[in-house]
Structure formats: C-alpha cells, structure tokens
Amino acid sequence: MTPRVAPGLLAFYCCCVLGWLTAAHAVILEVKDGNSTCIKADLSANFTITYPIVNGTNIVVVPLPGSAVLGNRSSCGKSGVSPNVQASFGDGHSLDLVFSRNDQMYHVASLNLTYNLSDNATFPQSSSKKVMVLSTNSSQISAVLNTTYKCQSSSSVNLGGPGVNITFFNIHLEAYMPSANLSTNETVCSADLPIPTTTPITPTTTIAPTTPVTPSNPEPGNYSVSTNGTVCLRARMGLQLNVTYVSKSQNKSVAVVVNVQPNVTSSSGSCESTTATLLLTGDLANLTFMFTLNTTTKKYQLSALNMSAAWQDMAASVHVGNSSLEYMQGTLGHSYMCSVEEVLPVVSTFTLNTFDLQVQPFGIHNNQFGPADVCPMQKDNMLVPIIVGACLAGLVLIVLIAYLIGRKRSHAGYQTI
C-alpha cells in the first residue's frame, strides 16, 4: 500500500524546501587594493551542517544571507599571502574563498567555513559552544585568466568533516582582475554546458553512428618545468583529447578525438613544495596539469586538470576542468609510468587518453626520472604472461615427473634372475 502524507505535513515540507531555496540571496562582494579591484564575487550558497545536541545530532541548512559583508581577512594578496574574499555573516560565521593561479588559469585553492555553535538562533539546542573551522581544497571553481567564472547550476562540496557541505549556485566571479569590471569573456562550468543530443531514429531511416573516429596512437612528447635552471618536473607522454562540443556547422553536439602534436606544443609551469603545475600550450588546446604532494604519506597525485580550446567549428570556446582528481599516483622521488593506454575522465564532455606515459612532479635528481611506480593497468597486463609462464612451467614439470616415474617402472620389469 502506498503511504499517504497528510496535506498539512506535505505543505510544511514544501514550505521548508522553498524556504531553503529562497533564503539564500545573492551576495555581492568586491575586494580592493587601494582603488584597484582584484576580486569580484556574486554568488549564492547554502550550508548543510550537522551539529551535536544533548541526545545526538541535529541538521540545519544555513543560507548565505544577502546581508553578508566583506570580512577583514579579504585581501588582494601579497608576498606569502594568497588572494582571499571573505563573506562574514550572523554571529561569528564566515566563508573564505582563497585563490591561486598559474600562467593560464586561476582557481579557488581552498574553501574555509567558520561557524559558531554558540549561536542558538542558528544552532538550536546545540550542546557545544565551539567555533568550528573546516576547510577543503576540493573546490571545482576554476577559470581561464581574464575571464569570468560562471556557473548557474548547483554544486556541492564537502568541507572535510562528516555532515558539513556547501552548495553553490548562480556564481559569477573573477579573481586577478585587470580592471574593475567583470570580464565579458566567460569560463562556463561543465554543469552548465549543453547536454549532447542524439538524432531520433525512425523505422524508415537509418542514422550513421555518432561514435568519434579514433586516430592512431599519438606521438609521445617530452615536457619539463624548471626553477632557477633546475628541472623540477619531467613528463614524457602521448596525449589524446576526447572532446564533446557544439558544432557551428552541424548545429548540434559532436564528439571528436584528436592527438596532441608535440612539435607544436610548448611547456611551462611552476613548482612549489607541495604543488607542481605543468602548462601545455598548443595549436589545438591548452592543458594545465596540477600535481599535489601529501607530505605525511610522501605520495603525490594529479589532482586537477583544465583544458581550453577554441576550434574553428566550435560555436563557443570550451573551458573545462576538474580539481578533484586522483590520477597518476606515485611516491616522492619516484616517477609514475604507464606504457599502456590510460583513459582519464575529467568532466562529462572531456576525457584525456594517455599513451607511453612517464611523469615525475617532485623529487627529481640530476634531471632524470626516478624509479618507476607502474600503473595498475600495466601491472595487470604483466600479470597475464607471468601466470601463463607459471602454468607452462608447471605443465613441463608434471610431464618430466611422469616421464621419470614411467622410466623407473620400465627398468623394474627387467630384473636379473
């Protein structure tokens, strides 16, 4: 039997949901250094927070109110201090967006949420009076320099603690601004990009498949990043772009697979103690690889990848990225190697395929790759011939043993009388 909901209770639920959606007003913040604007942000957000009460926990949805003001931690950045826009609201609550950049992109490097559990109006019956500070570097807010980041779709980010999430929507922001106005050029988030469409098939019509034609394996290229004349990042890899975009000539979404040509691709980047960035600039696309190092585990990984392209047939230039990746995981002082094809999904409209890859973003000595940490796919491929070889060796051993036993028995039949 289908459960019935009382009309009054249903109306209450609807009011709560509508209240959550309408309570979060757009907040407009502007960070200046003197008369120069460096950050502008126009955004809406809700915070879902689980907090302790006497007999367990409670959950509240706290909107970022339109009355939020620019906090005193806001800064355009200077030596040793990253640019930061802080929204302060309520009784001791604040949200910080801390930015970083390279030669091509800027992104929110960390999100920091501070909330005061002694605020009884926001956290009724709270059994704690602590001021909580949570942060994450998993924000997906990333854009090409001198463009406005735009994302109308909602996206949620966990703040590194159980039951604490931020949901953003209706974002327009720009950091490292060259002027006081938001750029008219936009980097649109992947969630706002048009969904690829397929042509309906009728019984009397046969439509050719739209699967992209895959070219031959790409030629590997050698790329490096140097600091003060010393190589701090090395990479050798063949790259293949699998991109879905809106075709100007066909007036629909198409999927294309193309190879990156090393002879027309240049490399640059930067290296820090726990981050390393490789920027590849070519005639087809610009790619930004960001590696991060965990100083506790001594492990590194590819944590962010951005791609921008403006091909002749594109109805609009494509700017996509993902800063929550966990690819190419290796050990400090070692290189990561994968001789077989590795498929790296980035967003729904972009996948990067790598071939004959070897990369090392940290701990390089004498400009040479360190010992190789082999990718799981290659280990699996190596395991098959090992198992086959072991089986063949076992079979030969069984045949040899059977032969020796048979020979011994045949000699036993001719004893001297």
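Keep in mind the model is a prediction, meaning the values are calculated, not measured.

## Some remarks on the side chain of N353
Positionally, N353 belongs in strand β25 (residues 350–360). Discounting residues that sit within four places of it in the chain, N353 has contacts with G238, L239, Q240, E341, E342 and V343.

## Observations regarding the confidence of the model for the protein chain
Across the protein chain, pLDDT averages 83, with 83% of residues at or above 70. Within the model, pLDDT remains below 50 along residues 195–210, and this stretch shows 8 contacts once partners closer than five positions in the same chain are excluded.

## Thoughts on unusual backbone geometry
Phi at N146 is positive, roughly 65°, even though this residue is not glycine. With respect to the helices, strands and loops of the structure, N146 is situated in the loop between β9 (142–144) and β10 (148–151). According to the relative accessible area criterion, N146 is partly exposed, its value standing at 43%. Non-glycine residue K298 carries a positive phi angle of around 60°.

## Brief notes about the state of the cysteines
Within this structure, the stated rule accounts for 4 disulfides. Bridging C38 to C76, the disulfide has an S-S length of 2.0 Å. Note on the C38 and C76 pair: the S-S dihedral is about -90°, so by sign convention the disulfide is left-handed. Taken as a pair, C38 in strand β2 (residues 36–53) and C76 in the loop between β4 (69–70) and β5 (84–89) lie far apart in primary sequence, 38 residues in all. Paired by a disulfide, C151 and C189 hold their sulfur atoms 2.1 Å apart. Its torsion about the S-S bond being 75°, the disulfide of C151 and C189 is classed as right-handed.

## What about the environment of I49?
Take I49: it is sitting in strand β2. For I49, a relative accessible area of 2% translates into the label buried. The spatial distance from the C-alpha of I49 to the C-alpha of F123 is 9.2 Å, given a sequence separation of 74 residues. With residues up to four places along the chain from it excluded, the contact list for I49 reads N58, I59, V60, V62, L113, Y115, F123, G163 and V164.

## A closer look at the pattern of salt bridges
Taken as a whole, this structure holds 2 salt bridges when the rule is applied. A salt bridge links D96 to R73, with the nearest nitrogen and oxygen atoms 2.8 Å apart. Placement of D96 in strand β6 (residues 93–101) and of R73 in the loop between β4 and β5 is noted, with a sequence separation of 23 residues between them. Under the relative-accessibility criterion, R73 is labelled partly exposed at 43%.

## Overview of the packing of aromatic side chains
Applying the stated rule across the entire model yields 7 aromatic pairs. For the pair F47 and F89, a centre-to-centre distance of 5.7 Å together with 5° between the ring planes defines the contact as stacked. Here the residue F47 occupies a position in strand β2, and F89 occupies one in strand β5, the gap between them amounting to 42 residues. For the pair formed by F47 and F89, the shared burial category is buried. With a centroid separation of 5.6 Å and an interplanar angle of 90°, the aromatic rings of Y245 and W311 are classed as edge-to-face. Taken together, the residues span a long stretch of sequence, with Y245 in strand β15 (residues 230–247) and W311 in the loop between β20 (299–309) and β21 (318–322) at a distance of 66 residues.

Here is what the cut-offs are and how they apply
- Residues numbered from 1 in each chain as written.
- Predicted model: local features only at pLDDT ≥ 70, side-chain atom pairs only at ≥ 80, totals over all residues.
- Heavy atoms only, no water.
- Helix = DSSP H or I, 4+ residues; strand = E, 2+ residues; numbered from the N terminus.
- Contact = heavy atoms within 4.5 Å.
- pLDDT = per-residue confidence, 0-100.
- Buried < 20%, exposed > 50% of the residue type's maximum accessible area, 1.4 Å probe, protein only.
- Disulfide = S-S within 2.5 Å.
- Salt bridge = Lys/Arg side-chain N within 4 Å of Asp/Glu carboxyl O.
- Phe/Tyr/Trp six-rings, centres within 6.5 Å; stacked < 30°, edge-to-face > 60°.

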